[in-house]
Number of protein chains: 2
Amino acid sequence: MTLDPVLSRIDSDLEAATDRLFDLLRIPSISTDPAYAADCDRAADWLVKDLQSIGVEVGKRPTPGHPMVLGHIDGGDADAPHLLFYGHYDVQPVDPLDLWDRDPFDPALEDTAGGTVIRARGSSDDKGQLMTFIEACRAWIAEHGRLPCKITFFFEGEEESGSPSLIPFLEEHKELMQADLALICDTGLFESRVPAIITQLRGLLGEELVLKGPDKDLHSGMYGGASINPIRVLTRILGNLHDDQGRIQVPGFYDGVPELSPELAKQWKALEFDHATFLGDVGLNTPAGEQDRSALEMIWSRPTAEINGIWGGYTGDGFKTVLPAEAHAKVSFRLVGHQDPHAIRENFRAWVQAQLPADVTVEFTGHGASKAGLMNTTHPAFEQSRAVLGAEWGHDAVFAGCGGSIPVAGHFKSILEMDTMLVGWAKDDDQIHSPNEKYDLESFRKGIRSWARVLDAVGS
Amino acid sequence: MTLDPVLSRIDSDLEAATDRLFDLLRIPSISTDPAYAADCDRAADWLVKDLQSIGVEVGKRPTPGHPMVLGHIDGGDADAPHLLFYGHYDVQPVDPLDLWDRDPFDPALEDTAGGTVIRARGSSDDKGQLMTFIEACRAWIAEHGRLPCKITFFFEGEEESGSPSLIPFLEEHKELMQADLALICDTGLFESRVPAIITQLRGLLGEELVLKGPDKDLHSGMYGGASINPIRVLTRILGNLHDDQGRIQVPGFYDGVPELSPELAKQWKALEFDHATFLGDVGLNTPAGEQDRSALEMIWSRPTAEINGIWGGYTGDGFKTVLPAEAHAKVSFRLVGHQDPHAIRENFRAWVQAQLPADVTVEFTGHGASKAGLMNTTHPAFEQSRAVLGAEWGHDAVFAGCGGSIPVAGHFKSILEMDTMLVGWAKDDDQIHSPNEKYDLESFRKGIRSWARVLDAVGS
């Protein structure tokens, strides 16, 4: 089967493909907020319907949380590889809503200095990206009546909320999900230009804590000085999370953190990463991590501790001289190498406990725990894909790291014993997880065409 | 004129007096929140109407903020003293609303283990307290047709929001407000039992700050490690506000903080303050201030720094791995002796600035700045009042300190050259500024009777 007519069909069908994506983007499938559970369900139904329209045998699989979508379609010769494609249909919350220039769930094409973009929550992470693969399959089937390989489609609705149902689901459907290689489209282009095949991912550990002091809010005139203030304690403890060099102070935190191999160090150096532009695009100029590390190490190969949210006391207009009964924070850790998220969770909780003064107690809630991931770049699909992506993007594809956390890749390996290849078309300025998220129309079009090329190269 | 029939009338009129207070408590006059401006205005109107009903010549005086209420009524002989009574009709915000057992603005009498209480926001601070004075005047006039002294009534509606209009108003109406002594009913009983005449007050300085880092919220997977996180910087700076001994680290903060005079130290020792009960009532047991100070010093004569509110990043349900663009805090300082609030504001801002890393900026907003107050206990009214209060409460009255800040007393001295006497009937468990604020019916009744006694003792 030939590739060219597939590529032409992708271009001629682009407007319809964009309309399909818009339908999916209009569904506010925010998985972390229980208020949007019905919308997550609607997004799953939409995917089932769309996959059925191209002949995939597919169904919605219930979980204790949001449903999975699992489907299969045959293709290729007897010896053609069997690929499992993973994406997630859930999206991040949209607050602060007032920083959005339009309704996050009313997608539109916008002409910008950087070209035409698709503006909506989820346009890049991950609805736009997962649709590039579905559209590539649609074009192949329309043109040739079949795909060049067997494909299992697997879509999750809890990726942005710690994937509580994922592991049990994989364990339960092990046989059903066997394939030669998993494909994930949830990453980006290197420096927004160069097609990148991801070779390592960071893990993620989320912790929420509430410090409790007096049994009610107090007046700082009457009690100020004699009563402990939980916000004061919280800032003191979290203020100690990093030392002056940016190193994380939780005991044992760096256990299992590897040094960069000379080979990888050489590869990354060759990428000539421009951190001034990377940071300059978001109004910054100084790498803020460990002072003895390169910016690329800070975001790809070094672990982090971040306070993602903090609140306590009076936060409204004006002023209130209150000593609050409670103070809250959400903290997350990006993990690398062989760091053990469960050990770090225990160490972090003990480290906080050890710093509590008299009259203050703490309660913790865990939010997901995943190890870092290292891809098997010796799988033939990696070289086959690298060879064909250059033609689409005008740059040779590179093997790159990724600072984000895509725990499913690790679970595919540990539970399904399946390698994963991550390729994606997002750009650094897509503002995923932020107001005004967008996906370049170029990412969408070339992404679809790229998958068509990869299917051609990997399949038969 | 005799006192006894006035006291009897106060008792027989108590139910009607309670109903009048309830009318005032139903008005949600939260001064710090612009949404309640019209309610503040209604509360002022209510006071004008009520004072007119007892023959006071009174009017509502506009300000750039909430209106003042200023009225006058003659009384006593030619040589009778002229007293100015001050109170505030505005109240604190009510959040967290879910911790209230009833609508904060639907007052009710509740029978509790400690006796019958009036439950509502403002019942103690300050509507219930100011009404004790008005009701005492009402009883005097009803019984004897006149008061034993001339009285100017002065009510403010911005006390809980930094009194922005107070100083200009006092300067503009200097002549109109001349009197021999100011009376303020906004303080409490010592250990909830002993009538206390306040001899010193702490000052108050409020500062709000917002730290700004990246120009938008970022995804901690893509930027985590290389991008500065304003919450991390905020916790690090505010975590340094106190050292391990509880001393405040802002340079020059302790300039002008006096040691307790041997005489005052002796007086306070004699009070045998029971800090175990004071803290135990709010679920605490360890004085949390400077480790080398007594609990009474911590709340009366030592300065404090408190974080009254903090917020930034994602604070909703679930988790969001965001690096926020901003982090916010509200910080206040209680001041003593000759500490200069303006110098401390400058020092605090410089201290924060000096700790900012690259790429982080800070913006400050001031919320009020008042010096500590020292009363002139040699004014005859102090001894005259101390002599008669014992009869009402069954305990000799004491001269006590107060950890709260009532800046108006200082302004009366500096602008009107008038001394102030502070007496009040609040109890430690009134939960002012907290959910479920209450005022004991006993405080209300004995408070009214106490003012009747003070008017009798001071007047002629």
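Reading guide: rules and limits
Residues numbered from 1 in each chain as written. Chains lettered and ligands numbered in written order. Predicted model: local features only at pLDDT ≥ 70, side-chain atom pairs only at ≥ 80, totals over all residues. Heavy atoms only, no water. Phe/Tyr/Trp six-rings, centres within 6.5 Å; stacked < 30°, edge-to-face > 60°. Helix = DSSP H or I, 4+ residues; strand = E, 2+ residues; numbered from the N terminus. Buried < 20%, exposed > 50% of the residue type's maximum accessible area, 1.4 Å probe, protein only. Domains from an automatic or database assignment. Contact = heavy atoms within 4.5 Å. Buried area = accessible area lost by both parts, 1.4 Å probe. Salt bridge = Lys/Arg side-chain N within 4 Å of Asp/Glu carboxyl O. Polar contact = N/O pair within 3.5 Å; in protein donor to acceptor, adjacent residues only side chain to side chain. Nonpolar A, V, L, I, M, F, W, Y, C, P; charged D, E, K, R; others polar. Core = buried A, V, L, I, M, F, W, Y, C linked by side-chain atoms within 4.5 Å. Pairing = 2+ DSSP bridges. Axes fitted to C-alpha atoms, helices over the stretch in contact; angles between N-to-C directions. Disulfide = S-S within 2.5 Å. Least-squares fit on C-alpha atoms with pLDDT ≥ 70 in both. Expected span 1.5 Å × (residues − 1).

Chemist: I would appreciate a short explanation of the packing of aromatic side chains in the present structure.
Modeler: One pair of aromatic rings is described through two measures. These are the centre distance and the angle between the planes. Counting across every chain of the model gives 46 aromatic pairs over all chains. Here the aromatic rings of Phe333 of chain B and Phe348 of chain B are separated by 5.2 Å at their centres, their planes lie at 70°, and the arrangement is edge-to-face. Highlighted residues: Phe333 of chain B in strand S13 (residues 326–335) and Phe348 of chain B in helix H11 (residues 341–354), separated in sequence by 15 residues. Exposure remark for Phe333 of chain B: the relative accessible area of 0% places this residue in the buried category. Aromatic ring contacts, followed pair by pair, group Phe85, Phe133, Phe153, Phe155, Trp393, Trp425 and Trp451 of chain A into a single cluster.

Chemist: Even after reading the chapter, I still don't get the domain arrangement of chain A, so can you show me in this structure?
Modeler: Many descriptions give the size of an interface as the accessible area lost when the pieces come together. Residues and elements named next belong to chain A. Considered domain by domain, chain A is made up of domain 1 (4–195 + 383–459) and domain 2 (203–257 + 303–370). Listed by partner, the interface residues are 4 residues for domain 1 and 4 residues for domain 2. Here domain 1 meets domain 2 over a buried area of about 300 Å², counting both sides, of which 55% is carbon and sulfur. Area buried by domain 1 at its contact with domain 2 is led by Gly162, Ser405 and Pro407, which between them contribute 76% of it. Here domain 1 and domain 2 share 0 salt bridges between them. On inspection of domain 1 and its partner domain 2, the count reaches 2 residue pairs in polar contact (both at pLDDT 80 or more). Taken together, the residues of the side of domain 1 that touches domain 2 sort by class into 1 nonpolar, 3 polar and no charged.

Chemist: Where do I start with the nonpolar core in this structure?
Modeler: The nonpolar side chains of a soluble globular protein tend to be buried with one another. One finds Phe154 of chain A together with Phe154 and Phe412 of chain B to be the most contacted residues of the largest nonpolar core, which totals 292 residues. Other than its neighbours up to four places away in sequence, Phe154 of chain A contacts Met68, Val69, Leu70, Leu84, Phe85, Tyr86, Gly87, Leu166, Phe169, Leu170, Met177 and Phe412 of chain A.

Chemist: Mind showing me how you'd approach the sheet that holds strand S18 (residues 438–440) of chain B here?
Modeler: Residue and element names in this part refer to chain B. Here 3 strands make up an open sheet; going across it, the order is S4-S5-S18 and the pairing antiparallel. The open sheet has two edge strands with one neighbour each: strand S4 (108–112) and S18. Here the strands of the sheet are splayed against their neighbours by 35° on average, with no regard to which way each runs. As paired strands, S4 and strand S5 (residues 115–119) are joined by 5 bridges and run antiparallel to one another. The residue of S5 that forms the bridge with Ala108 is Arg119.

Chemist: Help me understand the state of the cysteines in this model?
Modeler: Each disulfide consists of a covalent bond between the sulfur atoms of two cysteine residues. Scanning the entire structure with this criterion turns up 0 disulfides over all chains. Of all cysteine sulfurs in the structure, the one in Cys137 of chain B sits closest to Cys149 of chain B, which takes part in no disulfide; the separation is 7.8 Å.

Chemist: Would you explain the relation of the copies chain B and chain A in this entry?
Modeler: Mapping between the two chain copies consists of a rotation about an axis together with a translation along that axis. Mapping chain B onto chain A calls for a screw motion: a turn of 180° about the axis and a shift of 0.1 Å along it, with 0.1 Å RMSD after fitting. Such a combination of rotation and displacement between the chain copies is what one expects of a two-fold axis. Here 100% of the contact residues of chain B are again contact residues in chain A; the copies associate through an equivalent surface.

Chemist: It is not clear to me how helix H2 (residues 14–25) of chain B should be interpreted in this structure. Could you clarify?
Modeler: Each full turn of the α-helix corresponds to 3.6 residues, which orients residues three or four apart in the same direction. Residues and elements named next belong to chain B. The first and last C-alpha atoms of H2 sit 16 Å apart over 12 residues, in line with the 16 Å expected at 1.5 Å per residue. For H2, the set of buried residues is Leu14, Ala17, Thr18, Arg20, Leu21, Phe22, Leu24 and Leu25. Along its buried surface, H2 packs onto helix H1 (4–12), helix H3 (37–52), S4, S5, helix H4 (127–144) and helix H14 (441–458).

Chemist: Mind showing me how you'd approach the interface of chain B and chain A here?
Modeler: At the interface, 89 residues of chain B touch 89 residues of chain A. Between chain B and chain A, a total of about 7,900 Å² is buried, with carbon and sulfur atoms accounting for 53% of that surface. For Asp244 of chain A, the salt bridge goes to Arg236 of chain B, with nearest N and O atoms at 2.3 Å. Linking chain B with chain A are 55 residue pairs in polar contact (both at pLDDT 80 or more). Taken together, the 5 bridges between strand S11 (residues 304–313) of chain A and strand S11 (residues 304–313) of chain B define a ladder with antiparallel strand orientation.

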